[in-house]
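Structural overview
What follows is the residue order along each chain.
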Amino acid sequence: MTSLSQKNLINLAKRNEANGDMAQAIQNLEEALRDGHSNEVVLNLCDFYLKNKQSYSAYELIKEEKDLFTDSEIFAKYSKILSENHFLIEALEVKNITDYELPYSVEAVNSTVQQKIMVTFRQKAKPTKYDYDQLFKLDLSNFKNFSQSLLIDPSLSFAVRLVLCEDLFRLGLKNKFKVLVLGQEEEFIPRKINLLEKEPVYREVVSGIGSRYYHQPSQLPAVLGEVNLILGSLYPKLNKYVDDPDSFASDIASYIDNHDGRSNQKLFEKIDNNISE
């Protein structure tokens, strides 16, 4: 729902645009959005970002929408933004997951720019989300090959490794990939795994943790953060390391509370050492 004040700011922004003042137009729409959510404001702001060559800002904004795939107007804008950003990989993920046809064609950047993106990413000691998202501009062949090279790179953070595995899953790839899990090379088929939070083992462990900290709700966020670090480090091979999710959850709780991971003590210490390296 768009309030009267938001509509006034939209009209003001359009007058700013007509006068050639895009910066002020965007500022007015950003102010309108701070007053509360409105699809009308979001759609207009996305358009203004695109007109002002701020395609990544438009991408960040549209990705926050809950109705990304269910509202046809929002989905169309999302598709246009993917096209403007050349995010081919994400477009392929959307098509694989939803089976929707995107109303806008999305193409990768040219091969020279793709090579530059890969070289730049390699040079980043701690790549940001923006750095990672630039990989969506690769064509499928380069994304697959580059992902494989990263997944067996011991210097890659477990967090980036996790996100890469999840993107390969979203692409629905059937071929085998190699990945380092706690320094050990493993194999997996992206199509046969789940997103971490959808993995049955993950859900059971988190449920077990929730039960154990039911009467200590203030501690739960920090504990769940630790759980995500542990399980994320083992992804996508959770089943290899977790035989009994409830017992594993109990050991995690003991490790966090008393520094005693019991039968999993060495595993937890190895994970902590791996993360800190």
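Please refer to the structure placed before this passage.
Note that the coordinates shown come from a computational prediction; the quantities given were computed from them, not determined experimentally.

Further remarks concern the side chain of Asn-85. Within the secondary structure, Asn-85 sits in helix H5 (residues 72-85). Overall, Asn-85 belongs to the buried group, its relative accessible area being 4%. In terms of polar contacts, Asn-85 uses its side chain to reach the backbone carbonyl oxygen of Ser-55, at 3.0 Å. When residues no more than four places from it in sequence are discounted, the contact partners of Asn-85 are Ser-55, Tyr-56, Tyr-59 and Lys-137.

This paragraph deals with the packing of aromatic side chains. Counted under the stated rule, the structure contains 14 aromatic pairs. Relative to Tyr-130, the ring of Tyr-56 lies with its centre 4.9 Å away and its plane at 90°, an arrangement referred to as edge-to-face. With a gap of 74 residues between them, Tyr-56 in helix H4 (residues 55-62) and Tyr-130 in helix H8 (residues 129-133) connect regions that are remote in the sequence. Judged by centre distance (6.1 Å) and plane angle (35°), the rings of Phe-177 and Phe-188 are tilted. Linking Phe-177 in strand S1 (residues 177-181) with Phe-188 in strand S2 (residues 184-188), this pair joins segments that are 11 residues apart in sequence. For Phe-177, a relative accessible area of 3% gives the class buried.

The rules behind these values
Residues numbered from 1 in each chain as written. Predicted model: local features only at pLDDT ≥ 70, side-chain atom pairs only at ≥ 80, totals over all residues. Heavy atoms only, no water. Helix = DSSP H or I, 4+ residues; strand = E, 2+ residues; numbered from the N terminus. Buried < 20%, exposed > 50% of the residue type's maximum accessible area, 1.4 Å probe, protein only. Polar contact = N/O pair within 3.5 Å; in protein donor to acceptor, adjacent residues only side chain to side chain. Contact = heavy atoms within 4.5 Å. Phe/Tyr/Trp six-rings, centres within 6.5 Å; stacked < 30°, edge-to-face > 60°.

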